[in-house]
Amino acid sequence: MVRWVQDAVRDDAAVRRAVIAASEEMNASGRAILVWNGDWLQSRNQSGKGLAGVRQAIALEVAFAPAECRTQRMTGLAVLKLEDGADGARIALGKGSWRWSDLLGAG
């Protein structure tokens, strides 16, 4: 599921631009930006939570994933690489214990 969602957000130019801009703004330099920790987090200079375009792209992939993928138990963070290289933009999702469906507010 991590690869599936990662590939989807990497293929979306608008999402990639938003994450790269946020990474530069936050001087993340290869460190992942946490966008969901049980709730979508609001980033600086963003009007909505979770970098709205990123949140929508991820939610769409999760919503249409097979049920066994959506209910997969996860522990800790899932890091999605949007760019290759050591300093490439990355986002992180997760908390202690969660399921992909939690990102949809489905519990």
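Described below are features of the structure shown in this document. All of these numbers come straight from a predicted model, not from anything done at the bench.

## Describing a nonpolar patch on the surface
A cluster of nonpolar side chains, namely Leu34, Leu77 and Val79, defines an oily patch on the protein surface of about 240 Å² accessible area. Tracing the backbone shows valine 79 in strand E2 (residues 73-81). With relative accessibility at 37%, the residue valine 79 sits in the partly exposed group.

## So, the sheet that holds strand E3 (residues 90-99)
Pairing is mixed across the open sheet formed by 3 strands, whose spatial order is E1-E3-E2. The sheet terminates laterally at strand E1 (32-36) and E2, the two strands that pair on one side only. Between one strand and the next, the sheet's axes are offset by a mean angle of 25°, whatever the strand orientation. Looking at chain direction, E1 and E3 are connected through 4 bridges and run parallel. Residue alanine 32 lies in a different strand from E3, and its bridge partner there is arginine 90.

What counts as what
- Residues numbered from 1 in each chain as written.
- Predicted model: local features only at pLDDT ≥ 70, side-chain atom pairs only at ≥ 80, totals over all residues.
- Heavy atoms only, no water.
- Patch = residues over 30% accessible without salt bridge, like charges linked within 9 Å, V, L, I, M, F, W, Y side chains within 5 Å.
- Areas by Shrake-Rupley, 256 points an atom, 1.4 Å probe, with all protein chains shown as cover.
- Salt bridge = Lys/Arg side-chain N within 4 Å of Asp/Glu carboxyl O.
- Helix = DSSP H or I, 4+ residues; strand = E, 2+ residues; numbered from the N terminus.
- Buried < 20%, exposed > 50% of the residue type's maximum accessible area, 1.4 Å probe, protein only.
- Pairing = 2+ DSSP bridges.
- Axes fitted to C-alpha atoms, helices over the stretch in contact; angles between N-to-C directions.

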